[in-house]
Every structure is written in structure tokens, then in C-alpha cells.
Amino acid sequence: MNPDVLAHINGPAPHDLPAYVYDLRDLREHARTIRAALPERVELLYAAKANSDPRLLRVLGDHVDGFEVASGGELTHVRNLFPDMPIAFGGPGKTPAELAQAAEGVSRLHVESEHELHLLTTVLGDRSIDILLRVNLPLTPGPVALAMGGCPSPFGLEPAQLDDCLAVIAADPRLRLRGLHVHLASGIQAPGHLDLAEDILKWARGWANSRHIDLTEVNIGGGMGVDYAHPDQRFDWASFGTGLHRLLRRYQGLTVRIEPGRSITVYCGWYVTEVLDVKRSHGEAFAVLRGGTHHLRTPAAKQHNQPFQIIPVDTWPRPWPRPEARREPVTLVGQLCTPKDVLARRVPVRQLRSGDRIAFAMAGAYAWNISHHDFLMHPAPSVHHLDEAPVPANVP
Ligand SMILES: *Cc1c(COP(=O)(O)O)cnc(C)c1O
């Protein structure tokens, strides 16, 4: 852990815990590296639903080509922060009000169904709009964390349904078809993602040729893999970029866009808390933490162990023995009255004591913003942004 992060984690008083700590410098460096690894022709959008914290978005605004939003709320939020940046609006079940909002000023609308296309024509008035048709291609990205395509799903159009959409588009000059959008899954590593990109582009070109369409854009989605079991094994952006560069030589004139979320912000966030109690039950050790999955739902949602570091706190102000687990597996739970409030299960530790601090890593995406905050009415975590200005070196 970087010393400034450690200083921040030791910083908050116990009543300030739990805390979310976002390392903005780490985020900037990571975003810069990703952008530099990609060919110039590849446009990079950030999928705001992964984490729409305004300070994170502002950092990302310097390194991405635009944002992908999935609701009218996200659209308003991102547009307020970035009046001039390109925004793509996707996602199922767009309401007439959301489509009208899109007509006001998104750079691309990702159309999910023929019905949505018809609905769009009723709110456009005299405006026109640039659209991509989202296709659920019969491609299987292999074993992935979250499949949204290549299988029955509510996302996008079947290839056979595209022709009816083309007919609607042909009849309405306000609808400008720019190309296709294909986001099939999340959790794909670089070699698999490259294979997928190759298959998508090949399919897209074949389809466009057969329909005499001048295909100028394909958005190949996000879903770049993040490995919670191995935080150091990150998506290989360098080889992904090189592979895309090679692939795109066969597709002159085509703009390719990607829209990752998790792989961009996940590493910059920490959820920091303290151990309230260490207990034993039926021979197993449990550490009860301040906070829980109502702040960090990720491990419950994904059924994984959230990676963590123990930050020992050596003072123990109580006159009675300090509860502890020593050289044994411990299950880290929160304060909720449900057996599902587990952040990490049976993880071997050398020593874990009541009063020690725990810093959960990889809490920068789909963490606070996907959690059920109000369940049990515990106080919300404090939020700290580790700024880009130099931090005094008062590391304990
Ligand atoms: C969620 C989503 C993304 C981002 O997925 P990540 O796994 O966070 O990279 C991109 N595009 C669409 C359409 C999505 O639904």
C-alpha cells in the first residue's frame, strides 16, 4: 500500500470510520497508462455507473474521450460536470422522458429495441440524433463474470431483429445510424477480449456489407477483467492495445470505441474500517467490523472475498483481555443482522485483534454506489479523496 494511503487510513478517528479513501493520483496514473496503451483511433469512454463520484470523474475527464451513461440521472450528473464532452447513453428500458433528454444532447444513443426506436421518434421533434444499434451477437466470450449477451438476455437486439430497425431508420431522416454497439459481458481478460473484438468487427462488417451500410463505428463495450483474488494481476492494457492496433489495420476508416468501468476505477478505492469484536463460534473465528456490506456490497454481490490488509493498532485501552484470532482462518463480517453480511470468508491471518484496522482494497468500482445504504440505519462512511497536491510526509 502506498504510504500516503496508509497515512490516510490511520488518519480518521474511530468515529470517522468506516471511511472510503479514493487515491486520485493513483487513478490519474492508471487512466493515463490505459489511454497511452490504446491506439489513437480507439476512443475510450468511461462507464459512469461503475463509480460516478464527481472528483473521480473530473480526474478521468482529462484522460478519456467521453463518458457512457445508463440513465437520465447519470446523464444529468455527467453533463453538469462536463458541458462539452461526448456522452453515449445506453441501457435497457429508457423512458420517453429519458429519450427526450438524450435528444437534447448526447453524442450517441445506444438503441436497445425496435420499440425504443419508435418511442424515440415521438420525442425528437425537429431534432436529429446519432444512434448505434445494440446487438446481442451469438458470440460466447468464454467463462466471464457477468454475461449480458451470447445468451438469452434483456440487452440489445437479436441480429434478425436489426432489419426491422433499419426500416424504421430508413423512413425517418432524423435517425442517423452510425454503427453498432456490442457489450456482451464483464470480466474478460485481454486475450479473450481481443478475440471477441476480432469476432465482433468481422461480424459487423459482414452484416453492414450485406445491408449496403457504410459502417463507420463499432462500440465493442467494456467488461475488461478485474481479478479480486489476484489484485496485482491487472488487465493487460499494453497487449490489448497492441492487439487492437494490429486488428484495426484491417478496418481502415472504422472508429472503434470501448467503454470500461470497473477496470478503470476499481483499484483507486479503499474501504477502511476497524475491528469491533473477535468472536468464536462452533470452532470458527469471526471478526465483526464497523460497517459492512451495506457500504461495500461488492463481495456479497459477486460472492467473493474482498481483498484486504490488516493495519495493526497496538494500543488497547481496555482493562480486559483483547479479543483476537491468531494463525487461523477468520471470517470478516459487518454489523448487519443477516448471515449474508460477509466481506471475506475463512481467510487465514497471522493475527487479527479487536481495535485493529482493516483496509479493503479494490473498492473503487461497484462498491458504495451499489450498496443498500439504509438497511439498519447505520451512519454512512466518511469519504476522503487523497488529493493530487503533495501530502505532508507524516506517515506514522
Ligand atoms: C456496465 C456496462 C459497461 C461497463 O462494464 P465494466 O464491467 O464495468 O467495464 C459498459 N457498457 C455497458 C453497456 C454496460 O452495461
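Residues numbered from 1 in each chain as written. Predicted model: local features only at pLDDT ≥ 70, side-chain atom pairs only at ≥ 80, totals over all residues. Heavy atoms only, no water.

### Looking at the side chain of Glu-98
Point 1. Within the secondary structure, Glu-98 is located in helix α5 (residues 96–105).
Point 2. It turns out Glu-98 is buried and unbridged, and the closest side chain with the opposite charge, Lys-94, is 7.6 Å from it. (Helix = DSSP H or I, 4+ residues; strand = E, 2+ residues; numbered from the N terminus. Buried < 20%, exposed > 50% of the residue type's maximum accessible area, 1.4 Å probe, protein only. Lys, Arg positive; Asp, Glu negative; His and termini not counted. Salt bridge = Lys/Arg side-chain N within 4 Å of Asp/Glu carboxyl O.)

### A word on the site of the ligand
Point 1. Contacts to the ligand come from 15 residues, most closely from Lys-49, Ser-186, Gly-223, Glu-259 and Tyr-366.
Point 2. The backbone of Arg-262 places a nitrogen or oxygen atom 2.8 Å from an oxygen atom of the ligand.
Point 3. Tyr-366 places a polar side-chain atom, nitrogen or oxygen, 2.6 Å from an oxygen atom of the ligand.
Point 4. Coverage of the ligand by the protein chains reaches 94% of its 390 Å² of free accessible surface. (Near = heavy atom within 4 Å. Polar contact = N/O pair within 3.5 Å; in protein donor to acceptor, adjacent residues only side chain to side chain. Areas by Shrake-Rupley, 256 points an atom, 1.4 Å probe, with all protein chains shown as cover.)

### Brief notes about the pairing of strand β5 (residues 108–111)
Point 1. Taking every second residue as pointing to the same face, both faces of β5 are buried, with Arg-108 and His-110 on one and Leu-109 and Val-111 on the other.
Point 2. Note: strand β4 (residues 87–89) against β5, two bridges, orientation parallel. Following the sheet pairing, Phe-89 is matched in β5 by Leu-109.
Point 3. Handedness of the crossover joining β4 and β5 through α5 is recorded here as right-handed.
Point 4. Here β5 pairs with strand β6 (residues 129–134) via three bridges, running parallel. Paired with Leu-109 across the strands is Ile-131, a residue of β6.
Point 5. Each parallel crossover has a hand, and the one from β5 via helix α6 (residues 114–123) to β6 is right-handed. (Pairing = 2+ DSSP bridges. Right-handed = clockwise from strand over helix to strand, strands pointing away.)

### Remarks on the domain arrangement of the protein chain
Point 1. According to the domain assignment, the protein chain contains domain 1 (86–260) and domain 2 (267–386).
Point 2. Spacing between the C-alpha centres of domain 1 and domain 2 amounts to 38 Å.
Point 3. Across the boundary between the two partners, domain 1 contributes seven residues, which contact nine residues of domain 2.
Point 4. Summed over both partners, the interface of domain 1 with domain 2 comes to about 680 Å²; 69% of that surface belongs to carbon and sulfur atoms.
Point 5. Three residues stand out in domain 1 for area buried against domain 2, namely Tyr-228, Pro-231 and Arg-234, and they jointly supply 80% of the buried area on that side.
Point 6. Our count for the domain 1 to domain 2 interface comes out at zero residue pairs in polar contact (both at pLDDT 80 or more).
Point 7. Of the residues in the side of domain 1 that touches domain 2, the class split is four nonpolar, one polar and two charged. (Domains from an automatic or database assignment. Contact = heavy atoms within 4.5 Å. Buried area = accessible area lost by both parts, 1.4 Å probe. Nonpolar A, V, L, I, M, F, W, Y, C, P; charged D, E, K, R; others polar.)

### A few points about the nonpolar core
Point 1. Counting residues in each nonpolar core, the largest one holds 117 residues, and the members touching the most others are Leu-109, Leu-120, Phe-240 and Leu-332.
Point 2. Among the domains, domain 1 (86–260) and domain 2 (267–386) are the pair contributing at least three residues each to this core. (Core = buried A, V, L, I, M, F, W, Y, C linked by side-chain atoms within 4.5 Å.)

### Comments concerning the pattern of salt bridges
Point 1. The final tally for this structure, using the stated rule, is 24 salt bridges.
Point 2. Residues Lys-94 and Glu-116 are paired through a salt bridge, measuring 2.8 Å at the closest nitrogen-oxygen approach. Of this pair, Lys-94 sits in the loop between β4 and α5 while Glu-116 sits in helix α6, placing them 22 residues apart in sequence. Like Glu-116, Lys-94 is buried.
Point 3. The partner of Asp-130 in a salt bridge is Arg-176, with the nearest N and O atoms 2.9 Å apart. You can see Asp-130 sitting in strand β6 and its partner Arg-176 sitting in strand β8 (residues 175–181), a full 46 residues away along the chain.
Point 4. On the basis of relative accessibility, which here comes to 13%, the residue Asp-130 falls in the buried class.

### Quick notes on the layout of surface pockets
Point 1. One number sums up the size of the largest pocket: a volume of about 680 Å³.
Point 2. What lines the largest pocket is a set of 37 residues, among which Lys-49, Leu-146, Met-148, Ser-186 and Tyr-366 lie closest to the centre.
Point 3. If you list the elements that add at least two residues to the lining of the largest pocket, you get α10 (262–265) and α11 (298–302).
Point 4. It is α11 that provides the largest number of residues to the lining of the largest pocket, a total of three residues.
Point 5. Broken down by class, the residue content of the lining of the largest pocket amounts to 15 nonpolar, 14 polar and eight charged.
Point 6. Inspection of the lining of the largest pocket shows a minimum of three residues originating in each of domain 1 (86–260) and domain 2 (267–386). (1 Å grid on protein atoms, 1.4 Å probe; cavity = no way out; pocket = protein on both sides within 12 Å on 5 of 7 lines; lining within 4 Å. Points joined across faces, edges and corners; volume = space filled by probe spheres on them.)

### A look at the pairing of strand β12 (residues 269–281)
Point 1. In terms of strand pairing, strand β1 (residues 19–23) meets β12 through four bridges, oriented antiparallel. Counterpart to Tyr-20 in the pairing with β12 is Tyr-271.
Point 2. Here β12 runs beside strand β17 (residues 357–360); their pairing, made up of four bridges, is antiparallel. When the sheet's bridge partners are listed, Glu-274 is paired in β17 with Arg-357.
Point 3. Linking two consecutive strands that pair antiparallel, namely β12 and strand β13 (residues 284–289), is a turn of two residues; a positive phi of about 50° is found at His-282 within it.

### Considerations on the packing of aromatic side chains
Point 1. The tally for this structure, following the rule as stated, stands at eleven aromatic pairs.
Point 2. Ring geometry for Tyr-20 against Tyr-271: centres 5.1 Å apart, planes inclined by 45°, an arrangement best described as tilted. Highlighted residues: Tyr-20 in strand β1 and Tyr-271 in strand β12, separated in sequence by 251 residues.
Point 3. Overall, the relative accessible area of 0% leaves Tyr-271 in the buried class.
Point 4. Counting every residue linked through ring pairs, the aromatic cluster contains Tyr-20, Tyr-22, Tyr-271, Phe-308, Phe-360 and Trp-368.
Point 5. Directly above the aromatic system of Phe-89 lies the positively charged group of Lys-94, at a separation of 5.8 Å from the ring centroid.
Point 6. Positioned over the ring face of Tyr-267 is Arg-234, at 3.7 Å from the centre of the ring. (Phe/Tyr/Trp six-rings, centres within 6.5 Å; stacked < 30°, edge-to-face > 60°. Lys NZ or Arg CZ within 6 Å of the ring centre and 35° of its normal.)

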